[in-house]
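What the coordinates show
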Amino acid sequence: QVQLVESGGGLVQAGGSLRLSCAASGITFRINAFGWYRQAPGKQRELVAHISSSGSTKYADSVLGRFTISRDNAKNTVYLQLNSLKPEDTAVYYCNRGTAFSGNYYASDHWGQGTQVTVSS
């Protein structure tokens, strides 16, 4: 049974930092790609960053240069480092297990429960 568990969200002031974690189980972690999504109230869920099984990364323009996605295959965990946070980054952040091909990410139906990030101005 695939399970993704996010953690690390919280309340932070603008300009601050957070590190989100996504612990995966029930899969062969190293062969999977992962994506971090976010969903703000009243908005569609959007892909923020993804990392392939080989470690290649890609970011949405809105977070490029501020967020960093990484993975630790020994710990079956994917991370999202959030720096220089802005109020518009406020959202529930979700981890997804999927596939990556030619720089594109293809989400699966496997989602975590989400972790809330709130950035105050």
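Let me begin by describing the structure that accompanies this report. (Residues numbered from 1 in each chain as written. Predicted model: local features only at pLDDT ≥ 70, side-chain atom pairs only at ≥ 80, totals over all residues. Heavy atoms only, no water.)

Secondary structure summary: the protein contains 0 helices and 11 strands in total. Helices (α) and strands (β) of the protein occur, in sequence order from the N terminus, as β-β-β-β-β-β-β-β-β-β-β. Counting only C-alpha atoms, the protein reaches 40 × 30 × 30 Å along its principal axes. A total of 121 residues make up the protein; the buried ones form 41% of that total. Considering only contacts within the protein whose residues lie at least 6 apart along the sequence, 57% involve residues at least 24 apart. Distance between charge centroids for the protein: 5 Å, based on 11 positive and 7 negative side chains. (Helix = DSSP H or I, 4+ residues; strand = E, 2+ residues; numbered from the N terminus. Buried < 20%, exposed > 50% of the residue type's maximum accessible area, 1.4 Å probe, protein only. Contact = heavy atoms within 4.5 Å. Lys, Arg positive; Asp, Glu negative; His and termini not counted. Charge placed at Lys NZ, Arg CZ, Asp CG, Glu CD.)

Time to look at the environment of Asn104. Along the chain, Asn104 turns up in strand β10 (residues 104-111). When its relative accessible area of 37% is taken as the criterion, Asn104 is described as partly exposed. Setting aside chain neighbours within four positions, we find Asn104 in contact with His50, Lys58 and Thr99.

Phi angles above zero are rare outside glycine, and Ser84 is one such case at about 50°. Within the secondary structure, Ser84 sits in the loop between β8 (77-82) and β9 (91-101). Its identity is not glycine, yet Ser102 carries a phi of approximately 50°, on the positive side. Considering the arrangement of structural elements, one finds Ser102 in the loop between β9 and β10. Accessibility expressed as a relative area gives 62% for Ser102, which makes it exposed.

This next bit is on the side chain of Asp89. Mapped onto the secondary structure, Asp89 falls in the loop between β8 and β9. A relative accessible area of 0% places Asp89 in the buried class. At 2.9 Å, the side chain of Asp89 forms a polar contact with the side chain of Arg38. Side-chain polar atoms of Asp89 contact the backbone nitrogen of Lys86, separated by 2.8 Å. For Asp89, the residues in contact, after removing those within four places along its chain, are Arg38, Arg66, Phe67, Ser84, Val117 and Val119. (Polar contact = N/O pair within 3.5 Å; in protein donor to acceptor, adjacent residues only side chain to side chain.)

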